[in-house]
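Each chain is listed here by its residues.
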Amino acid sequence: MALLEIKNVVKRFGDFTAVNNVSLSVEAGEFFTLLGPSGCGKTTLLRMLAGFEQPDSGQIVLDGQDMSRVPPEKRPVHTVFQSYALFPHMTVRQNIAFPLKMAGWDAKKIASQVEELLEDVRLTQFGDRYPHEMSGGQRQRVAIARALVDRPRLLLLDEPLSALDAKLREQMQIELINLQKEVGITFVYVTHDQGEALALSHRIAVMSHGQVEQLDTPETIYSYPRNRFVADFIGQCNVLEAEVVAGNGDGTATIEIKGCGRMRVALRGEVAPGQKGWLALRPEKIKVGRALAVEDGEVHFKGRVNDCLYLGDVTIYLVEVGDGVVIETMLPNSAPGLAKLFDDQDQVEIAWRFDAGSFVTE
Ligand code: ATP
């Protein structure tokens, strides 16, 4: 049985539906992320897990127990917010000890538990500092330690890194991964940052308009977005208007891209002739060369480089093929000088394996 089961949960504010019939489950020990743009309902869903909001219908079941009538302070669940919410007049040790004091633990047990958590978040030498004497990243580690100190079944994290600068955020992401592994507590993490979600999570639920659009591992979501929204939202992706010509009966279909012609694509579901949709294709899955040998199972085009965007390690080439169709490609720059391989107006060929992209619908 899953640790957490969210069953047909609906939350309305007036006549606006913020969470629209969401069902999903989270396994014990998972690092699970709710990812989506602002307003998609991810925070509302998290707040229902914490008990700060009540669902209008549906159930939230934790460890087999329906949480509907359990108030926030009685749930074995803690939340870490972006704003840290530390007590400014307490030292780091006192902050972390606070929940255990409230719960009436004895002083010796509190002290040993606090030291263990300080070690987990690598802040042992900062135990006697006050929050204002620490950096943002350190304060967030204290907040996380305090939320973990009584070993909740579930830790909810609501955009905990968004107040930190990019460099520190990356460092904290590594620390969070390691901390979660070490303590083994199930994390449910909310973010609008797709890079963060891909880096941290065992599984991601991509949300839009109160619904889950796709729930998968980061690799599957990145490689095989299930619909147009996910393809557009996660990373760079060519999203080319396409129409199904015919299913081939072997898990592939022939599609037509206006201005480009017909090509084969692998399918992850049923399609019907005439069905309209898009080919979703990641730039880095496309080969680019002056002359490419055509290999079995590849889609192949001649084209011209319209624009180049040099990014140091890689260059993005916008290649025009067929009748005005522009396809974004991305290649590593060539060592040792890391120069780009092509220039504007160069004649090139591009190719991709038929199963490198997905046919997606709305
Ligand atoms: P953000 O990243 O901006 O916080 P989110 O995906 O977390 O976005 P929610 O905070 O869950 O989104 O909000 C979902 C929708 O519900 C939004 O349109 C928001 O305005 C609305 N909403 C949230 N809380 C309330 C409330 N208490 N009363 C009315 N509307 C609300």
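This one's a predicted model, so the numbers in the text were calculated from it and none came from an experiment.

A few words now on the UniProt feature "domain: ABC transporter" (unreviewed entry) in the chain. Per the UniProt record, "domain: ABC transporter" (unreviewed entry) is found at residues 4–234. For residues 4–234, the end-to-end C-alpha separation is 26 Å, with 36% helix and 27% strand making up the annotated structure.

Taken together, the 5 strands give an open sheet; going across it, the order is 13-12-11-14-20, and neighbouring strands pair in antiparallel fashion. Two strands lie at the open edges of the sheet, namely strand 13 (261–266) and strand 20 (358–360), each paired on one side alone. Adjacent strand axes in the sheet meet at a mean angle of 45°, parallel and antiparallel pairs treated alike. The pairing of strand 14 (residues 276–281) with strand 20 spans 3 bridges and is classified as antiparallel. Across the sheet, the residue bridging to Trp 278 is Val 360, located in strand 20.

Neighbouring strands of a sheet are bound in pairs by backbone hydrogen bonds; such pairs are parallel or else antiparallel. Taken in spatial order, the 5 strands line up as 15-19-16-17-18 in an open sheet, and their pairing is antiparallel. Bordering the open sheet on either side are strand 15 (287–289) and strand 18 (325–332), each of which pairs with just one other strand. Averaged over all neighbouring strand pairs, the angle between strand axes comes to 40°, with direction disregarded. Looking at chain direction, strand 16 (residues 298–310) and strand 19 (residues 347–353) are connected through 7 bridges and run antiparallel. Note on strand 19: the bridge partner recorded for Val 299 is Trp 352.

For the rest of this paragraph, the subject is the environment of Gly 136. Of note, Gly 136 is situated in helix 4 (residues 136–148). By the C-beta count within 10 Å, which is 15 here, Gly 136 ends up partly exposed. Residues Gly 136 and Leu 3, 133 residues apart in the sequence, show an inter-C-alpha distance of 32 Å. Apart from the residues within four sequence positions on either side, Gly 136 is in contact with Ala 163, Leu 164 and Leu 168.

With their axes 7 Å apart at the nearest point, helix 2 (residues 92–102) and helix 4 run at an angle of 30° to one another. Between helix 2 and helix 4, the interaxial angle falls into the category roughly parallel. With respect to the hand of their crossing, helix 2 and helix 4 are arranged in right-handed fashion. From helix 2, Val 92, Asn 95, Ile 96, Phe 98 and Pro 99 reach across to helix 4, where they touch Val 142, Ala 145 and Arg 146. Looking at the contact of helix 2 with helix 4, its residues break down into 6 nonpolar, 1 polar and 1 charged.

This brings us to the site of the ligand. Residues in contact with the ligand, as listed here, are Phe 13, Ala 18, Gly 36, Ser 38, Gly 39, Cys 40, Gly 41, Lys 42, Thr 43, Thr 44 and His 192. The biggest single contributor to the shell around the ligand is helix 1 (residues 42–50), with 3 residues. Here the shell around the ligand is built from residues that sort into 3 nonpolar, 7 polar and 1 charged.

Take Val 188: it is sitting in strand 8 (residues 186–191). Overall, the presence of 25 C-beta atoms within 10 Å leaves Val 188 in the buried class. For the pair Val 188 and Leu 341, spaced 153 residues apart in the sequence, the C-alpha separation amounts to 43 Å. With sequence-adjacent residues up to four places away left out, Val 188 is seen in contact with Val 26, Phe 32, Leu 34, Leu 46, Leu 49, Leu 154 and Leu 156.

The biggest cluster of nonpolar side chains holds 92 residues, and the ones touching the most others in it are Leu 49, Ile 96, Ala 145, Val 188, Ile 255 and Leu 279. Element by element, the count of residues in this core is highest for helix 4, at 6 residues. Counting the residues that make up this core, at least three belong to each of domain 1 (4–228) and domain 2 (236–360). Ignoring sequence-local partners within four residues, the contact set of Ile 255 consists of Ala 242, Glu 243, Val 244, Val 245, Met 263, Val 265, Leu 279 and Phe 359.

The interhelical angle for the contact between helix 4 and helix 5 (residues 166–183), taken along N-to-C directions, is 20°, at an axis separation of 11 Å. As judged from the angle between their axes, helix 4 and helix 5 are roughly parallel. As for how helix 4 packs across helix 5, the hand of that crossing is right-handed. Here helix 4 contributes Gly 136, Gly 137, Gln 140, Ile 144 and Leu 148 to the contact with helix 5, which in turn contributes Leu 168, Gln 171, Met 172, Leu 179 and Val 183. Across the contact of helix 4 with helix 5, the residue classes tally to 6 nonpolar, 4 polar and no charged.

Right, let's get into the pairing of strand 2 (residues 16–26). Two elements, strand 1 (residues 4–13) and strand 2, share 8 bridges in a ladder whose sense is antiparallel. Its bridge partner being in strand 2, Lys 11 is matched across the sheet by Val 19. What sits between the antiparallel neighbours strand 1 and strand 2 is a turn of 2 residues, in which Gly 14 has the positive phi angle 65°.

Cut-off values and rules
- Residues numbered from 1 in each chain as written.
- Predicted model: local features only at pLDDT ≥ 70, side-chain atom pairs only at ≥ 80, totals over all residues.
- UniProt positions renumbered as here; feature names shortened; annotations may be inferred.
- Helix = DSSP H or I, 4+ residues; strand = E, 2+ residues; numbered from the N terminus.
- Pairing = 2+ DSSP bridges.
- Axes fitted to C-alpha atoms, helices over the stretch in contact; angles between N-to-C directions.
- Buried ≥ 20, exposed ≤ 12 C-beta atoms within 10 Å, placed from the backbone.
- Contact = placed C-beta atoms within 7 Å.
- Parallel < 35°, antiparallel > 145°, perpendicular 65-115°, else oblique.
- Left-handed = near helix turned anticlockwise from the far one by under 90°.
- Nonpolar A, V, L, I, M, F, W, Y, C, P; charged D, E, K, R; others polar.
- Near = placed C-beta within 6 Å.
- Core = buried A, V, L, I, M, F, W, Y, C linked by C-beta atoms within 7 Å.
- Domains from an automatic or database assignment.

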